[in-house]
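What follows is the residue order along each chain.
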Amino acid sequence: MKIAVGGIHTECSTYSPLQQTADDFRVVRGKTLLEQCGLLEERFSDVTFSPLFHARSIPGGPVKPDCYSAFKTQFLQELEATLPVNGVLLIMHGAMHVPGLEDVEGDWIASVRQLVGPAVPIAVSYDLHGNVTQKIIDQIDIFCAYRTAPHIDVTETHVRAALELTDQLRGGQPRLVAYAPVPVLLPGEKTSTEDEPTRSLYNRLPNFDQRSGVSDSNLMVGYVWADIPRATAAAVVTGTDKAAVSQAAEQIAESYWQSRARFDFGVPTKPLSACLDDAKTAETWPFILADSGDNPTGGGVGDRADVLSEWLSSGLTDAVFAGIADPHAVESAWTFKEGDEVQLTIGGALGSSCSRVSATCRIIAKLGEASSGDRELLITIRNNHVILTERRRPFHALDDFRRFGLEPEKARFLIVKSGYLSPELAPLANPARMALTEGAVSQDICGLQNQNRQSPCFPFQTSFDWKAKAIVSARAPD
C-alpha cells in the first residue's frame, strides 16, 4: 500500500499590501514531513508513505502567481516520479489566494486528480478556516478538518484523514464526500472553539461520526479576510452512504446558521483607546493586549507601530511589545553593540500605512544572523521593551520571549500581535483585552471592502432566509 503525502498551506488576506514569495515558505520533506503528520510506522505498519514536500508559510498577503506555479509544477513532477500510488494524502489549508486564480486549492487538487487518474482515492486534511468549493469536493474522496481553534489537533486531523484512506485501501467501503455551503462568514476571533456556541457545535461533530454511513464530520468557518467568491462557511462530511452524509451535512450547516447571531469575541474587545484606559487602571498582571488588526497568524502584515505609538503617547511603561517586523530598523541597528543607544524609526516597513515611532532606543539583545535573514533585536524605549524582527513572525510561545531573557508571566504588560490568544499565553492573561486595531485582518469585517463575496452572506447582509442543501461529490457512485 503506497500513499503519496504532501501539499501547500497558507491563508491570504486580500487586504494585505505584501505579496508572498517562495522565501516566505518553509518546505519540509522526507521523514520530517511524515513525523509532523503523525504517520508513524507503528500505526501504519502495512503502509509505505511516500513523502513529497509540504510548503507552509505564516499567513500573509496573496501569493505571487509565479511562486504558486513553481510550487505546483514541482509537486506534480515529484508525484509523477512516485507513481504508481494507491492513494494520495494532501495536507492543505484552504484559504490560499493567487491573483488571477479563482480557486487555488481547487486548481492544485484537480491537477493531482488529473495526474493520478480516477481510480486513486484522494484524502485531504484542512484547516477549519479554509474555504471549500464544488471543484474541490468533486476531486476528492475523503475530507477531514481541524476541530479546534486555536488549533491543537493538527496532527490528529492528518491521522484521521490517513486512517480513512488506509481503511478504504484495505478493502473498506469506498468513501464519498458531501458538503453544504453556509452563507455566513465570521472571523476566527468570534468562532473560537474555546467559547460558545462554537464549542458545542464542534463537540457534537463526533456524534455524527457514529451514524451509519458517516465516518468524519466537519464544520468549516471559512476565511473572512479574502474578498473572493469562494469565501464561505460550510459543513463537509465524509462517509459511505450518500443519503447519510447529505443529511449530516445539512444538519451541521443548519445548526451553524441558527447560531449565527450568537457568536462573539471570547475576551473583552474594545477600541485601542479604551484598552489603554483599562491598562492604566489595571491592578493585576500580566495584562495581555492583543493587537488584532495586524495579527500575522491571521494574514496581517505584522509591521504596524500604531499600538506602540499610542502606548508611548499615553505615558504607559513596563510593557513588552512582541513583536514588530521592521527589517530596515533591524539593519540600521545591527552594527551597534548591546548597551548602545541608537535613533530608530519603527513602523510600516513592509508596506502598511500606519503611524511610525521615531525614538532613541537602547539595544538590549541581538539574536540571529544576517546570512539567514532571521535577525531580531530586543530594545527599550522609554521603559518599555520592544522586539523588532527582520522577518514577519508571531510571538505565541513562551520560549519566543524566554530566548531574550524575558519571562512573560512576570511582565506587567504584554502586547502581542494576535487575535485570540495562543494556548500558551491565554492562561497567563490576568486580564486579557483585544484591541480593535487597523490592519489587513481588521475585526471590523462589515467595514471591509466587499466587492467579490457571494451575496447575501451574514453579517454583511442580515435580512434573508436560507435552508441547507447538501451537494454530493461527482465521484460518488450513482
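Small disclaimer: the values here were computed from a predicted structure and weren't measured.

Student: Describe the layout of surface pockets, listing the residues and the values that go with them.
Tutor: The volume enclosed by the second largest pocket comes to roughly 310 Å³. Secondary structure elements with two or more residues in the lining of the second largest pocket: strand 11 (287-291) and strand 18 (432-436). Considering every element that reaches the lining of the second largest pocket, the biggest residue donor is strand 18, with three residues. A breakdown of the residues in the lining of the second largest pocket according to their chemical character gives 12 nonpolar, four polar and four charged.

Student: Could you give me a rundown of the sheet that holds strand 4 (residues 87-91), with the residues and numbers involved?
Tutor: In spatial order, the strands read 2-3-1-4-5-6; together these six strands make up an open sheet with mixed pairing. Strands at the two margins of the open sheet, each flanked by one partner only, are strand 2 (25-29) and strand 6 (142-145). Averaged over neighbouring strand pairs, the angle between their axes works out to 10 degrees when direction is ignored. Pairing of strand 4 with strand 5 (residues 122-126), which is carried by four bridges, proceeds in the parallel orientation. Its bridge partner being in strand 5, valine 88 is matched across the sheet by isoleucine 122. Those strands touched by helix 3 (residues 104-116) are strand 1 (2-9), strand 4 and strand 5, and its axis lies near 160 degrees from that of strand 5. Against the sheet, helix 5 (residues 154-169) contacts strand 1, strand 4, strand 5 and strand 6, and its axis sits at roughly 160 degrees relative to strand 6.

Student: Would you mind going over helix 2 (residues 65-82) in detail, with residue names and values included?
Tutor: When the terminal C-alpha atoms of helix 2 are compared, their 26 Å separation across 18 residues agrees well with the 26 Å that a helix rising 1.5 Å per residue should span. The complete set of buried residues in helix 2 reads Cys67, Tyr68, Phe71, Lys72, Phe75, Leu76, Leu79 and Thr82. In an axial view of helix 2, the angular spread of the buried residues amounts to 155 degrees, which keeps them on one side of the axis. Facing away from the buried side of helix 2, by more than 90 degrees, are the exposed residues Asp66, Gln77, Glu80 and Ala81. Elements that come into contact with the buried residues of helix 2 comprise strand 1, strand 2, strand 3 (48-57), strand 4 and helix 3.

Student: Account for the pairing of strand 15 (residues 376-381), naming residues and giving values.
Tutor: Side-chain direction in a regular strand flips from residue to residue, so the side chains alternate between the two faces of the sheet. Counting buried positions along strand 15 gives six out of six residues, so the element sits mostly inside the fold. Residues Glu376, Leu378 and Thr380 point to one face of strand 15 and Leu377, Ile379 and Ile381 to the other, with burial holding for every one of them. As paired strands, strand 14 (residues 357-367) and strand 15 are joined by five bridges and run antiparallel to one another. Following the sheet pairing, isoleucine 363 is matched in strand 15 by isoleucine 379. In this sheet, strand 16 (residues 384-389) lies alongside strand 15 in antiparallel orientation, the contact comprising six bridges. Bridge pairing in strand 16 links leucine 378 to isoleucine 387. Linking two consecutive strands that pair antiparallel, namely strand 15 and strand 16, is a turn of two residues; a positive phi of about 50 degrees is found at arginine 382 within it.

Student: Let's hear about the nonpolar core: which residues, and what values?
Tutor: Of all hydrophobic cores here, the largest spans 40 residues; its most connected members are Leu90, Trp108, Val112, Tyr126, Ile140, Phe143 and Val236. A per-element tally of this core places helix 2 first, with six residues. The residues contacting phenylalanine 143, other than those within four sequence positions of it, are Val124, Tyr126, Val132, Val177, Asp216, Asn218, Met220, Val236 and Thr238. Counting residues in each nonpolar core, the second largest holds 35 residues, with Leu272, Val307, Val342 and Ile415 among its members.

Student: Kindly report on the sheet that holds strand 8 (residues 214-220), identifying the contributing residues and their values.
Tutor: Judged by pairing direction, the sheet is antiparallel, and its four strands sit side by side in the order 8-9-7-19 without closing on themselves. Two strands bound the open sheet, and with one partner strand each, they are strand 8 and strand 19 (471-472). Strand direction decides the pairing type here: strand 8 and strand 9 (residues 233-239), joined by six bridges, are antiparallel. Bridged to leucine 219 within strand 9 is alanine 235. The strands touched by helix 5 are strand 8 and strand 9; relative to strand 8, the strand with the most contacts, the crossing angle is about 145 degrees. Seen against the sheet, helix 8 (residues 242-258) touches strand 7 (176-182), strand 8, strand 9 and strand 19 and runs at an angle of roughly 25 degrees to strand 7.

Student: Residues and numbers for the packing of aromatic side chains, please.
Tutor: Under the defined criterion, the tally for this structure stands at 15 aromatic pairs. When the centroid spacing of 5.4 Å and the interplanar angle of 85 degrees are considered together, the rings of phenylalanine 53 and phenylalanine 75 count as edge-to-face. In this pair, phenylalanine 53 is assigned in strand 3 and phenylalanine 75 in helix 2, connecting sequence segments 22 residues apart. For phenylalanine 75, a relative accessible area of 1% corresponds to the buried category. Taking the ring centre of tryptophan 257 as reference, the NZ or CZ of arginine 260 above it sits at 3.7 Å.

Criteria and cut-off values
Residues numbered from 1 in each chain as written. Predicted model: local features only at pLDDT ≥ 70, side-chain atom pairs only at ≥ 80, totals over all residues. Heavy atoms only, no water. 1 Å grid on protein atoms, 1.4 Å probe; cavity = no way out; pocket = protein on both sides within 12 Å on 5 of 7 lines; lining within 4 Å. Points joined across faces, edges and corners; volume = space filled by probe spheres on them. Helix = DSSP H or I, 4+ residues; strand = E, 2+ residues; numbered from the N terminus. Nonpolar A, V, L, I, M, F, W, Y, C, P; charged D, E, K, R; others polar. Pairing = 2+ DSSP bridges. Axes fitted to C-alpha atoms, helices over the stretch in contact; angles between N-to-C directions. Contact = heavy atoms within 4.5 Å. Expected span 1.5 Å × (residues − 1). Buried < 20%, exposed > 50% of the residue type's maximum accessible area, 1.4 Å probe, protein only. Arc of directions from axis to C-beta. Core = buried A, V, L, I, M, F, W, Y, C linked by side-chain atoms within 4.5 Å. Phe/Tyr/Trp six-rings, centres within 6.5 Å; stacked < 30°, edge-to-face > 60°. Lys NZ or Arg CZ within 6 Å of the ring centre and 35° of its normal.

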